[in-house]
Amino acid sequence: MTVLTAATAGARLLLPALCLTLAAQDQAPPVDPDARKPLESWAAESLPVALSRTPAQVRVFDEDDIQRSGARTLGQFLLRELPSQVQNQGGPGLPSRSYLGGGRPQDTVVMVDGVPRMDPGRLGQNLNEVPLLGITRIEVITGSPGSAGQGGTIALFTGRPDKPGLSGDLGGLGGSNGQGQSTASPGFAWEGGYLSGGNLSAQEKQTTETDRPFRMVTNFVGLGQKWGSTHWTLAWRGTFFGVPEPYQEVTETTRVYDAARESRQRSDAGHLRVDWDLAPGLRLETTLGLARFRHEQAPQGASRPSPFEGRETRFQSALHWATGARSDLSLCLEGQEVRQVGDENPLVQGSANGRRLGLGVEWRFEPRPGLRLLGTARGTRERQSLLIGGVDTEVLNASGHTLRLGLNQELAYGLRLYSALGGGRTAPTVLQQLRNSLVPTAAPLRMEQSTFVQIGLGWGQGNWYGRLESQQQTGKDLLAFDGQSYANQDRVRVRGTEAAFGWRTAQQVGLEGFVRAQEARDLNAPEGQALSTLASQRRPFSSHGLKGFMGWSRVRAEIHYTLQGHQYAAAGDSEGGGTRANGLPPTIRATQVVYRDVGLSTTVKAGRHWTLVIRGEHLLQPRTDAAAWVARAREGQNDASIIDGYPAAGPSYSVEARFRF
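Per an unreviewed UniProt entry, the chain goes by the name TonB-dependent receptor plug domain-containing protein and belongs to Candidatus Geothrix odensensis. Its UniProt record, at the heading Subcellular location (unreviewed entry), says of the chain: "Cell outer membrane".

So, in structure tokens, the structure goes:
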């Protein structure tokens, strides 16, 4: 653990403190951030619903939260907000995956403007490949199974101009570790419509020295228009990542470093959405979405980079019907087609195709004031095939479903009690089918089955608030890697309990703390090994954190501290449990280390147009270099890594200026 001297710590805090002192002298009327906080969830149900009425735990982050964090990607943002439920493989751009509620990465659905984002070439969306440019709202929902049948939902929403005429913002960032970033987000609004867009270009050095830095360029365009009772929305987003991955091989006995090694990814995603107000209490929503993900995987040894590509086409429609004063109904229809061509392993040839047709219903009913019921049922028909050597072979043709029943009871004294239970039967991924094609003797993959139950208590009164929530997920016939191929073999039980308590005032002062305990247990494992298999790794047993803020007039200072406890995990990350470069499966063992993170920021609103943000992140992390990594100098030390074998991002300091017009 790095120990800061008093002089070093003072120097690191001097600049933010000086800005606080100078800017606090401006006595403009204070602005209460609570007045801007959203009170509804847009993604927990088919229609917007008050946070206090839906049977799920919903955390909402607005545009100010995102901009103050300085995060470029969803992974960067949630690593701080959901410690132990988001795991990061190392420095800038390296994979970051969600274990929301303790589930697997593929059990969490990431949605952008209501359209699920799924890269067929990944077992669970890499959150560091989801840019935040133009995103003004993030919702994290537990106890709300998405298309994977369990886990939860992370929903992102793109902003639009908030006033007629030309508006937007320009920004620039510079800092330590070679950080540089420019942002432009202009927009123009007129009566009934808008046009918005943006560009973000950024770079930063990797945690250890590499030939090239991390690079990122993302662009988006959004267009909306209302004609009578119809509202049209068209959006497109394109992103390029260049990610240094010098850690070529990480095993219990071997480490290979290559400073020139890197991966690249390009993605394009767009959607067209049309909303019709058919009659009072009757509305139809229809969306067509297209996405393409092109990867050039980092080479292994002397091998050349392995290019592969995934595509997705999605159609979804929902009819919302207010059936009475205290009930309403939504009927949903969806069609999806995915195609995966190649894999990061160049030995995997051909392509995999998947088609899904789904029909669902969501019913919401309030039998009496304060008591609200929610029921969801969804059935799917799945077909998957492999195209290898010009031969199209069907490998799956089955039915799936998702069921959920929830209850929310508003009580006295600011309390609410909520619970939900359900289950699902879901298909393997086309990537798993394609990888299994390399092993002709692999058994056909069956549908996975899962059940979940959740219960929670929320409270808010005056300046105080809190929550206590517990959930359990149990899976049967879950897919896992058996050393050669994927097979239905696991029965896994995931349990998690989280409590949070906070206080905030209208004078921009607040403090919040949380504690979480969780485990993933492999019920098929031999005695004494239930926590040390591929099915149960990557969940810290405990975590806790504390964050606070204080504001004066146009100044707001924030500080956060989180701790992720020890966990069972492999030395190095093995997505989906695949073999390593040496052909052997990884060994899961107790890491016996913790990861603590401290960061702070100061935001100064200088007049009507300018905003200045000074940040310091990862202040407890030790700096390292390639030689120390190869020599395992930080092996087994606290704060040096989140995933064992990959050094965490070191301390960084930056200054960002934004001009809003």
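Visitor: Could you give an account of the overall build of the chain, with specific residues and numbers?
Guide: Broken down by element type, the chain carries 5 helices and 35 strands. Taken against the 2.2 N^0.38 rule, which gives 26 Å for 661 residues, the C-alpha radius of gyration of the chain at 24 Å falls within 12% of a compact globule. Based on the C-alpha atoms only, the size of the chain along its principal axes is roughly 75 × 65 × 45 Å. Within the chain, the proportion of its 661 residues that are buried is 55%. Long-range contacts, defined here as pairs at least 24 residues apart, represent 64% of the contacts in the chain between residues at least 6 apart.

Visitor: Kindly report on the sheet that holds strand β8 (residues 135-142), identifying the contributing residues and their values.
Guide: Through backbone hydrogen bonds, the strands of a sheet pair up, either in parallel or in antiparallel fashion. A sheet is described by the order of its strands in space; here 5 strands give the open sequence β3-β8-β9-β6-β7, paired in mixed fashion. This sheet does not close on itself; its edge strands, each paired only once, are β3 (57-62) and β7 (115-117). Neighbour-to-neighbour, the strand axes of this sheet turn through a mean angle of 25 degrees, independent of strand direction. Examined bridge by bridge, strand β6 (residues 108-112) and β7 share 3 bridges and lie antiparallel to one another. In the strand pairing of β7, V112 is matched with V115.

Visitor: Help me get a handle on unusual backbone geometry, residues and values and all.
Guide: Positive phi, close to 80 degrees, is recorded for S84, a residue that is not glycine. Take S84: it is sitting in the loop between α3 (74-81) and β4 (86-88). On the accessibility criterion, S84 (0% relative accessible area) is buried. The residue D639 is not glycine, and still its phi comes out positive at about 70 degrees. Tracing the backbone shows D639 in the loop between α5 (626-630) and β35 (652-660).

Visitor: Break down the pattern of salt bridges for me, with residues and values.
Guide: Close approach of charged atoms allows side chains of opposite charge to pair. By the definition in use, this model includes 47 salt bridges. Across the salt bridge formed by E558 and R556, the nearest N and O atoms sit 3.0 Å from each other. Residue R556 is classed as buried on the basis of its relative accessible area of 10%. Members of the salt-bridge network, linked through shared partners, are E63, D169, R615, E656, R658 and R660.

Visitor: Could you give me a rundown of the packing of aromatic side chains, with the residues and numbers involved?
Guide: All chains considered together, the criterion is met by 16 aromatic pairs. With 6.2 Å between their ring centres and 35 degrees between their planes, F188 and W190 make a pair best called tilted. Seen from their ring centres, W459 and F501 are 6.2 Å apart, and the 5 degrees between their planes marks the pair as stacked. Taken together, the residues W459 in strand β25 (residues 448-461) and F501 in strand β27 (residues 486-505) connect sequence positions 42 residues apart. Taking the relative accessible area as the measure of exposure, W459 reaches 28% and is therefore partly exposed.

Rules used throughout
- Residues numbered from 1 in each chain as written.
- Predicted model: local features only at pLDDT ≥ 70, side-chain atom pairs only at ≥ 80, totals over all residues.
- Heavy atoms only, no water.
- UniProt positions renumbered as here; feature names shortened; annotations may be inferred.
- Helix = DSSP H or I, 4+ residues; strand = E, 2+ residues; numbered from the N terminus.
- Rg over C-alpha atoms; globule rule 2.2 N^0.38 Å.
- Buried < 20%, exposed > 50% of the residue type's maximum accessible area, 1.4 Å probe, protein only.
- Contact = heavy atoms within 4.5 Å.
- Pairing = 2+ DSSP bridges.
- Axes fitted to C-alpha atoms, helices over the stretch in contact; angles between N-to-C directions.
- Salt bridge = Lys/Arg side-chain N within 4 Å of Asp/Glu carboxyl O.
- Phe/Tyr/Trp six-rings, centres within 6.5 Å; stacked < 30°, edge-to-face > 60°.

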